[in-house]
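Take a look at the letters that make up each chain.
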Amino acid sequence: MHTELKKGVYWVGVVDWDLKAFHGHELSTHRGSTYNSYLIVDKKIVLVDTVWGPFQDRLIENIREIIDPSKIDIVVANHAETDHSGGLPLLMTHCPNATLVVSKRGAESIEGHYHKQWTFQTVKTGDKINVGSNDLIFVEAPMLHWPDSMFTYLTGHNILMPNDGFGQHYATAFRFNDQVNESELYEEALKYYVNILTPFSDRVLKKIEEVLALNLPVDIIAPSHGVIWRKDPLQIVKKYQEWAAQKPEQKVVFLYDSMWHGTLKMAEAIGEGLAEKGVQFKLINMGVSDRNDALVEVFKARTVLVGSPTLNNGPISTMMPVLEDLRGLKFQNKIGAAFGSYGWSGEAVKIIEEHFAKCKIPLIREGIRCKWQPSQKDLEDCRAFGREIADATLKQ
Ligand SMILES: Cc1cc2nc3c(=O)[nH]c(=O)nc-3n(C[C@H](O)[C@H](O)[C@H](O)COP(=O)(O)O)c2cc1C
Ligand SMILES: [Fe+2]
Ligand SMILES: [Fe+2]
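Reading the values: the criteria
- Residues numbered from 1 in each chain as written.
- Chains lettered and ligands numbered in written order.
- Predicted model: local features only at pLDDT ≥ 70, side-chain atom pairs only at ≥ 80, totals over all residues.
- Heavy atoms only, no water.
- Donors = N, O, S within 2.8 Å, 3.2 Å for Na, K, Ca; no water.
- Tetrahedral: all angles 85-135°; square planar, octahedral: opposite > 155°, others 65-115°.
- Buried < 20%, exposed > 50% of the residue type's maximum accessible area, 1.4 Å probe, protein only.
- Near = heavy atom within 4 Å.
- Polar contact = N/O pair within 3.5 Å; in protein donor to acceptor, adjacent residues only side chain to side chain.
- Areas by Shrake-Rupley, 256 points an atom, 1.4 Å probe, with all protein chains shown as cover.
- Helix = DSSP H or I, 4+ residues; strand = E, 2+ residues; numbered from the N terminus.
- Nonpolar A, V, L, I, M, F, W, Y, C, P; charged D, E, K, R; others polar.
- Pairing = 2+ DSSP bridges.
- Axes fitted to C-alpha atoms, helices over the stretch in contact; angles between N-to-C directions.
- Domains from an automatic or database assignment.
- Contact = heavy atoms within 4.5 Å.
- Buried area = accessible area lost by both parts, 1.4 Å probe.
- Expected span 1.5 Å × (residues − 1).
- Salt bridge = Lys/Arg side-chain N within 4 Å of Asp/Glu carboxyl O.

Trainee: Hey, could you go over the coordination of the iron ion (ligand 2) for me, with residue numbers and the actual values?
Mentor: Here the iron ion (ligand 2) is held by the protein donor atoms His79 (NE2), Glu81 (OE), His145 (NE2) and Asp164 (OD), which lie 2.0 to 2.3 Å from it. Classification of the site at the iron ion (ligand 2) rests on its four donor atoms, whose angles at the metal span 90 to 174°, yielding the label irregular. Taken in chain order, the donor set of the iron ion (ligand 2) reads H-x1-E-x63-H-x18-D. On the basis of relative accessible area, histidine 79 is assigned to the buried category, the value being 1%.

Trainee: Quick rundown of the coordination of the iron ion (ligand 3)? Include the residues and the values.
Mentor: Binding of the iron ion (ligand 3) to the protein goes through Asp83 (OD), His84 (NE2), Asp164 (OD) and His225 (NE2), at separations of 2.1 to 2.2 Å. Taken together, the four donor atoms coordinating the iron ion (ligand 3) span angles of 82 to 169° at the metal, a pattern that classifies the geometry as irregular. Between the iron ion (ligand 3) and the iron ion (ligand 2), a separation of 3.4 Å is found, and both are coordinated by aspartate 164. As far as the burial class goes, aspartate 83 and histidine 84 line up, both buried.

Trainee: Explain the site of ligand 1 to me, and be specific about the residues and the numbers.
Mentor: Taken together, 19 residues lie around ligand 1, and Met259, Thr263, Thr310, Asn313 and Ser341 are the ones closest in. The contact in question runs from a nitrogen atom of ligand 1 to an N or O atom on the backbone of asparagine 312, over 2.8 Å. Separating an oxygen atom of ligand 1 from a side-chain N or O atom of serine 341 is a distance of 2.6 Å. Here ligand 1 has 640 Å² of accessible area as a free molecule, and 83% of this is covered by the chains. Secondary-structure elements contributing two or more residues to the shell around ligand 1 are α8 (262–276), β20 (310–311) and β22 (335–342). Its residues assigned to classes, the shell around ligand 1 comprises seven nonpolar, twelve polar and no charged.

Trainee: If you had to explain the sheet that holds strand β17 (residues 249–256) to someone new, which residues and values would you point to?
Mentor: The parallel open sheet is built from five strands, whose spatial order is β18-β17-β19-β22-β23. One side of each edge strand has no neighbouring strand; the edge strands of this open sheet are β18 (281–285) and β23 (368–371). Taking the axes of each pair of neighbouring strands and ignoring which way they run, one obtains an average angle of 15° across the sheet. With six bridges joining them, β17 and strand β19 (residues 301–307) adopt parallel strand pairing. Bridge pairing links glutamate 249 to alanine 301 in β19.

Trainee: With reference to specific residues and values, describe unusual backbone geometry.
Mentor: A cis geometry characterises the amide bond from leucine 144 onward to histidine 145, with omega recorded as 10°. Relative to the helices and strands, histidine 145 is located in the loop between β13 (135–140) and β14 (150–154). The phi dihedral of histidine 23 is positive, around 50°, even though this residue is not glycine. Secondary-structure assignment places histidine 23 in the loop between β4 (21–22) and β5 (27–28). Looking at histidine 23, the relative accessible area reads 33%, which means it is partly exposed. One non-glycine residue, tryptophan 372, adopts positive backbone phi at about 55°. Tracing the backbone shows tryptophan 372 in the loop between β23 and α12 (376–394).

Trainee: Requested: an account of the domain arrangement of the chain, with residues and values cited.
Mentor: Under the domain assignment, the chain is made up of domain 1 (3–245) and domain 2 (252–394). One C-alpha centre belongs to domain 1, the other to domain 2, and the line joining them spans 39 Å. At the junction of the two partners, domain 1 supplies 14 residues and domain 2 supplies 13 residues. Both sides together, the interface formed by domain 1 and domain 2 hides about 1100 Å², and carbon and sulfur atoms give 56% of it.

Trainee: Tell me about α8, and name the residues and values.
Mentor: Each full turn of the α-helix corresponds to 3.6 residues, which orients residues three or four apart in the same direction. Taking 1.5 Å per residue as the helical rise, α8 with its 15 residues ought to reach 21 Å, and the 22 Å between its terminal C-alpha atoms agrees with that figure. Taken together, the buried positions of α8 are occupied by Gly262, Thr263, Leu264, Met266, Ala267, Ala269, Ile270, Gly271, Gly273 and Leu274. Residues of α8 that are buried in the fold lie against β17, β18, β19, β22, β23 and α12. Downstream of α8 by one or two residues, glycine 278 has phi in the positive range, about 75°.

Trainee: How would you sum up the pattern of salt bridges? Please name residues and give values.
Mentor: All chains considered together, the criterion is met by 24 salt bridges. A salt bridge links aspartate 178 to arginine 230; the nearest nitrogen and oxygen atoms lie 2.8 Å apart. Residue aspartate 178 is found in the loop between β15 (159–161) and α5 (182–197), and its partner arginine 230 is found in the loop between β16 (220–221) and α7 (234–245); the two are separated by 52 residues along the sequence. Among the residues examined, aspartate 178 registers a relative accessible area of 36% and is labelled partly exposed.

See the structure below:
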């Protein structure tokens, strides 16, 4: 199976409808994904990126529909992560003399994954390789999202291949952005951004400015996952600028869990206080909710409230993964507070507050605790707490 993007430029990747988890089980992928590989047939034959290892036979079949894979002269590996480089070992047995074009850090990371003596050519930003009627131009994009990450641009056809940048874990019947459901597409593009690129938002903004300043015409943005942006391709670049600015909405997300609903009742009463002030909120029980989807809600909101009962002198363990993500994703422009029910020692709220400090999320005020199940007085205190959180949320 293959799709022609422009004359002599083909998508030869794979659609993985079955994929429900990525990065081990770190990232949920409810809508599957694709591994996009691009074949350029000119005087030179070029393959830009491969596919994940289990699909390497399919890549070779797809290439064979167009040319004999032994004819490939140049293989560009924009990024060594195995969802894009996994097809290299098999591919390189078909074209052992092909030049493997990588960034400086890519030479190290591809070597580090495969330990093979392939013929490497290292490129840096601005370097060009002529392939016949057109050139490949390279732009290093370190930490978007690995040190090796690189964008490849094809002149003449004006195709930017930014690897994981602008991608989405989204399996679809057709390959282009104008052929799919727009709201699904943006849901997946945002989830990808939030869960993978947020910590590098400053670099995203700088890299976009750098690439725009090159004044290269862009007809197509062809990422390594999901659909290819051909209709108004710069729409996703504008969205990335908006997301990278991290300007949250004046609303509140609760991340909580509760064994016997004491902490839940507190959350609901805090919510009543927010509602009195007209502030939108969502309660997300981390015991039963998808972490990556919850993080998208956190990304959108100004305020994050973390609630947990105390269990064995600490927060309930179901809160731990999302708290760790909150630290690692380095969300900007957030404020927060903690709350929770306890029985005797009640450490959870303080431990969550210490964690907020590690996340560099300032506290709106000290947390609120209630012993055992909340009394009428406790619930009134929670409503007052909610009103205070509302005022802080609206103040930004
Ligand atoms: C297994 C278990 C361990 C607990 N450990 C502690 C603890 O170390 N310190 C404490 O203050 N309360 C502890 N508690 C009491 C709970 O914090 C208390 O029941 C609280 O009201 C539960 O809130 P929830 O209704 O939101 O689950 C524990 C409860 C259970 C079931
Ligand atoms: Fe990657
Ligand atoms: Fe990827």
